[in-house]
Amino acid sequence: MLSIKSVSAFDVPGVICWVFADRFSPVDPTEHTDPKVNIHGPVSSKIGPPGLKERFWDSAPGNEWTDQTHHFGGFFSFGASFGMDIHKLHLALSGTSDWSIAKQEIVNQGDYDLGIMAARWGDSWSKNPRFIGKLVEQELTP
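These lines cover the structure that appears in this document, whether it is placed above or below.

Rules and cut-offs
Residues numbered from 1 in each chain as written. Predicted model: local features only at pLDDT ≥ 70, side-chain atom pairs only at ≥ 80, totals over all residues. Heavy atoms only, no water. Helix = DSSP H or I, 4+ residues; strand = E, 2+ residues; numbered from the N terminus. Buried < 20%, exposed > 50% of the residue type's maximum accessible area, 1.4 Å probe, protein only. Contact = heavy atoms within 4.5 Å. Areas by Shrake-Rupley, 256 points an atom, 1.4 Å probe, with all protein chains shown as cover. Core = buried A, V, L, I, M, F, W, Y, C linked by side-chain atoms within 4.5 Å. Phe/Tyr/Trp six-rings, centres within 6.5 Å; stacked < 30°, edge-to-face > 60°. Polar contact = N/O pair within 3.5 Å; in protein donor to acceptor, adjacent residues only side chain to side chain. Expected span 1.5 Å × (residues − 1).

### Overview of the overall build of the chain
Regarding its fold elements, the chain presents five helices and two strands. Along the chain direction, N to C, the helices and strands of the chain fall in the order α-α-α-β-β-α-α. Scored against the burial criterion, the 142 residues of the chain give a buried share of 42%. In the chain, the share of contacts with a sequence separation of at least 24, taken over all contacts with a separation of at least 6, comes to 48%. For the chain, the exposed surface amounts to about 7,700 Å²; the carbon and sulfur share of it is 61%.

See below:
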């Protein structure tokens, strides 16, 4: 059985990060994100990935249709491993270009909102491991 938290990459949050983002750690600069689950919408504005609330779509112009599962996986893993400290979250979100440290502002609203939501679920799950799939689904879907 996998542990909830571990010094090894093979804990539950690390595996979730690996499944969705092809990396074991959301903060290891030697790893590159390569989304492995791709649920795209049509390549056109305001279509978004099927079944995902518009609030969580990538907000960069022209990217509204792109897959977001890697953001959820990475930030769920982050929240499970590091909690919900907003300064740590902003540092992580700056690494994905969704938060500007210099300007102290959101750069990509959809990715930012999804990152905060996923980290919150990861943090909650690490404190109380349980089945959360339906609850997460309700928050993600329209």
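### Examining unusual backbone geometry
One non-glycine residue, S97, adopts positive backbone phi at about 65°. Along the chain, S97 turns up in the loop between α3 (86-95) and β1 (99-100). Its identity as a non-glycine residue notwithstanding, Q104 has a phi of 55°, on the positive side. Mapped onto the secondary structure, Q104 falls in the loop between β1 and β2 (105-106).

### Here we look at the nonpolar core
Counting 23 residues, the largest nonpolar core has F72, F75, F76, M117 and L140 as its most contacted members. Among the elements that take part in this core, helix α4 (residues 109-127) stands out by supplying eight residues, more than any other. For F75, the residues in contact, after removing those within four places along its chain, are L89, A92, L93, T96, G115, A118 and A119.

### With respect to the environment of S77
Tracing the backbone through its elements, the reader meets S77 in helix α2 (residues 69-82). Put simply, S77 and V27 are 50 residues apart on the chain and 9.7 Å apart in space, counted from C-alpha to C-alpha. Those residues within four positions of S77 in sequence are excluded, and the remaining contacts are P13, G14, C17 and P26.

### Focus: the side chain of H70
Position of H70 relative to the elements: it lies in helix α2. Here H70 falls in the buried class, since its relative accessible area comes to 17%.

### Topic: the packing of aromatic side chains
By convention here, two paired aromatic rings are described through the distance between centres and the angle between planes. All chains considered together, the criterion is met by five aromatic pairs. Between F76 and W125 the ring centres are 6.0 Å apart and the planes differ by 50°, which places this aromatic pair in the tilted class. Here the residue F76 occupies a position in helix α2, and W125 occupies one in helix α4, the gap between them amounting to 49 residues. In this structure, F76 and W125 share a single accessibility class: buried. One aromatic cluster is present, formed by F72, F76 and W125 through successive ring pairs.

### What to know about the side chain of D98
Looking at where D98 falls in the secondary structure, it is placed in the loop between α3 and β1. A polar contact is formed between the side chain of D98 and the side chain of T96, at a distance of 2.7 Å.

### Considerations on α4
Taking 1.5 Å per residue as the helical rise, α4 with its 19 residues ought to reach 27 Å, and the 27 Å between its terminal C-alpha atoms agrees with that figure. With 15 of 19 residues buried, α4 is to be regarded as a mostly interior element.

### With respect to the environment of A92
Of note, A92 is situated in helix α3. Of the residues examined, A92 reaches a relative accessible area of 18% and is grouped as buried. Spatially, the C-alpha atom of A92 lies 8.5 Å from that of F75, the residues being 17 residues apart in sequence. Sequence-distant contacts of A92, that is, excluding residues within four places in its chain, are made with F75 and F78.

Remember that the coordinates give geometry; whether it matters functionally is a separate question.
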